[in-house]
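Structural features, examined
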Amino acid sequence: MTEQELQYGEQLRAEPGTILYQPGDAVSGSSIYYVVAGLVRLDLPLSERLSVYLHPDSVFGLVESLLSSPRLTGACCLESTILYRWDREGFDLASSVSWELAFNTITGCTQYLRVLNAEFSGRLRLAGASGAGKGA
Amino acid sequence: MSDRDYTEIMKIAFQAEGAINDEIRRKFGHTYQDKTIIIKEGDIGQQIFWILGGEVYITRREGTKYKVLNTVGKGELIGEMSFFDKSVRSATVISKGSVEALVFSKENFQDIFAASPQWTKRLLASLSSRIQFMIGKLNSLQH
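Turning next to the overall build of chain A. The number of helices and strands found in chain A is four helices and eight strands. Traced from its N-terminal end to its C-terminal end, chain A shows the element sequence α-β-β-β-β-β-β-α-β-β-α-α. When each of the 136 residues of chain A is scored for burial, the buried share is 46%. Within chain A, counting contacts between residues at least 6 apart in sequence, those at least 24 apart form 75% of the total.

Our focus in this paragraph is the overall build of chain B. Across its full length, chain B holds four helices and six strands. Helices and strands appear in chain B in the N-to-C order α-α-β-β-β-β-β-β-α-α. In chain B, which comprises 143 residues, the share counted as buried stands at 46%. Across chain B, the fraction of contacts at a sequence separation of at least 24, relative to all contacts at a separation of at least 6, is 79%. In the form shown here, chain B has an accessible surface area of approximately 7300 Å², with 47% of it arising from carbon and sulfur atoms.

The next point concerns the sheet that holds strand β3 (residues 32-37) of chain A. Residues and elements named next belong to chain A. Strand order in the open sheet formed by four strands is β1-β8-β3-β6, with antiparallel pairing between adjacent strands. If you trace the sheet from one side to the other, it starts and ends with β1 (10-14) and β6 (59-60), each paired once. As paired elements, β3 and β6 share two bridges and run antiparallel to each other. For Tyr33, the partnering residue across the bridge sits in β6 and is Phe60. Packing against the sheet, helix α3 (residues 88-97) makes contact with β3, β6 and β8 (81-86), and its axis sits at approximately 95 degrees to β8.

Right, let's get into the layout of surface pockets. In this structure, the second largest pocket spans a volume of roughly 440 Å³. Lining of the second largest pocket is provided by 28 residues; of these, Leu54, Val59, Gly108, Cys109 and Tyr112 of chain A occupy positions nearest its centre. For the lining of the second largest pocket, the elements supplying multiple residues, two or more each, are β5 (50-54), β6, α2 (62-67) and α4 (99-135) of chain A together with α4 (118-141) of chain B. Residue classes in the lining of the second largest pocket are distributed as 17 nonpolar, nine polar and two charged.

Residue and element names in this part refer to chain A. Within this structure, the stated rule accounts for eight salt bridges over all chains. With its nearest N and O atoms 2.9 Å apart, the salt bridge here joins Asp43 to Arg41. An identical accessibility class is assigned to Asp43 and Arg41; each is buried. Among the ionic pairs, Arg49 bridges to Asp43, the shortest N-O distance being 3.7 Å. Relative accessible area serves as the criterion here: at 54%, Arg49 is assigned to the exposed category. What you see here is one network of salt bridges that share partners, running through Arg41, Asp43 and Arg49.

Let us now look at the pairing of strand β4 (residues 65-72) of chain B. Residues and elements named next belong to chain B. Taken together, the seven bridges between strand β3 (residues 47-62) and β4 define a ladder with antiparallel strand orientation. Bridging across to β4, Thr59 finds its partner in Val68. Hairpin connection of β3 to β4: two residues between the antiparallel strands, including Gly63 at a positive phi of 70 degrees.

What follows concerns the pairing of β8 of chain A. Residue and element names in this part refer to chain A. Among the six residues that make up β8, five are buried, leaving the element largely enclosed by the rest of the structure. Sheet topology places β1 next to β8; five bridges connect them, and they run antiparallel. Bridged to Glu10 within β8 is Arg85. Pairing analysis gives five bridges linking β3 to β8, with the strands arranged antiparallel. Of the residues in β8, the one forming a bridge with Tyr33 is Arg85.

Here the phi dihedral of Ser68 of chain A falls at roughly 50 degrees; this positive angle occurs in a residue that is not glycine. With respect to the element layout, Ser68 of chain A can be found in the loop between α2 and β7 (74-77). Non-glycine residue Lys35 of chain B carries a positive phi angle of around 65 degrees. Exposure remark for Lys35 of chain B: the relative accessible area of 65% places this residue in the exposed category.

Let us now look at the sheet that holds β5 of chain A. All names here are of chain A. Taken in spatial order, the four strands of this open sheet run β2-β7-β4-β5, and their pairing is antiparallel. A single partner strand is all that each edge strand has here, and the edge strands are β2 (19-21) and β5. In this sheet, adjacent strand axes meet at a mean angle of 25 degrees when their direction is disregarded. Bridge count for β2 against β7 is two bridges, and the pairing is antiparallel. Opposite Ile19, over in β7, you have Cys76 as the bridge partner.

Rules used throughout
Residues numbered from 1 in each chain as written. Chains lettered and ligands numbered in written order. Predicted model: local features only at pLDDT ≥ 70, side-chain atom pairs only at ≥ 80, totals over all residues. Heavy atoms only, no water. Helix = DSSP H or I, 4+ residues; strand = E, 2+ residues; numbered from the N terminus. Buried < 20%, exposed > 50% of the residue type's maximum accessible area, 1.4 Å probe, protein only. Contact = heavy atoms within 4.5 Å. Areas by Shrake-Rupley, 256 points an atom, 1.4 Å probe, with all protein chains shown as cover. Pairing = 2+ DSSP bridges. Axes fitted to C-alpha atoms, helices over the stretch in contact; angles between N-to-C directions. 1 Å grid on protein atoms, 1.4 Å probe; cavity = no way out; pocket = protein on both sides within 12 Å on 5 of 7 lines; lining within 4 Å. Points joined across faces, edges and corners; volume = space filled by probe spheres on them. Nonpolar A, V, L, I, M, F, W, Y, C, P; charged D, E, K, R; others polar. Salt bridge = Lys/Arg side-chain N within 4 Å of Asp/Glu carboxyl O.

The structure is reproduced here in C-alpha cells:
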C-alpha cells in the first residue's frame, strides 16, 4: 500500500482472537478492511460453518458496504494482525487512484464467489445423494 | 455463479463509458483469420477477449470432434472466468471468418483501469450482488 492510498483511511492492530464484526451487525463508518499483515477468517453462519481465510493484500467487508446490508459473515483475526480500513468514501477514493487496490479487491471477490459456487454445488450434490438414498 | 451470469457482469463492466478509445484499440486490438483457435480447452490463460467484429464458435471437444455450444459476436466477452482468478479454460473458441478483438491480459489491468476507473466500481457492485445472492442460496439449502 502506498501513502497515496493510505491517506484515505486508518490503520489498526488487532490481537489474535479479535472479532472485527459478526453476522447481522450493522455497517457504519470504517467498514472496509485490507489485511496488511496477519491472518483473518471470514465465517458464514451456516449449519456447517463455511470459512474463508484471508492473507495479506486481501480486502474484505466491502460487499455489505456497497449493498448497504447488515454483515453477512463474521470476521475474526487469527493472528496478531495489522489492518487498514476505510469508510465507503475513503475506499472509493483509494480504489480510484490505485489500480492494485482495485485489482486485489476484484480478485478477492471472484475468489470468494468461486468458493461459494463450489460449496453450493457440493452441498446440492450431497443433498441430492442423500435424497436419492432416502428414496431407495 | 454460472458462466452466463459472469459474462453479464463483465459486459456491464466493460460497457462503461470511455472504456474504448483509439489508443486502447491500437494497443490491444488483434485480428484473427478464419478458423483460428483463440482459446483452447484445458489450457490455463489469463486473457480476456472482447469481440469488436466478426463471430466465434464456442466449442467443446467430444472425442476427436468439436461440438459447437454457441456462437457469439460483436460486443461479447470471452475468457473472462480466467482473467482475475486463474482457472482452466472450459471451452475451445474458434474464429468463424475474420474476427477483430481487444485482448487484455492480467498485466494490462493498469491500462484498462486508466482508460476507465469507473468500470471497476461497476464490476465490484455487480460482484457484491452476486456474493449476496449466493450466500442467500447457501442459506436456503439449510431450510
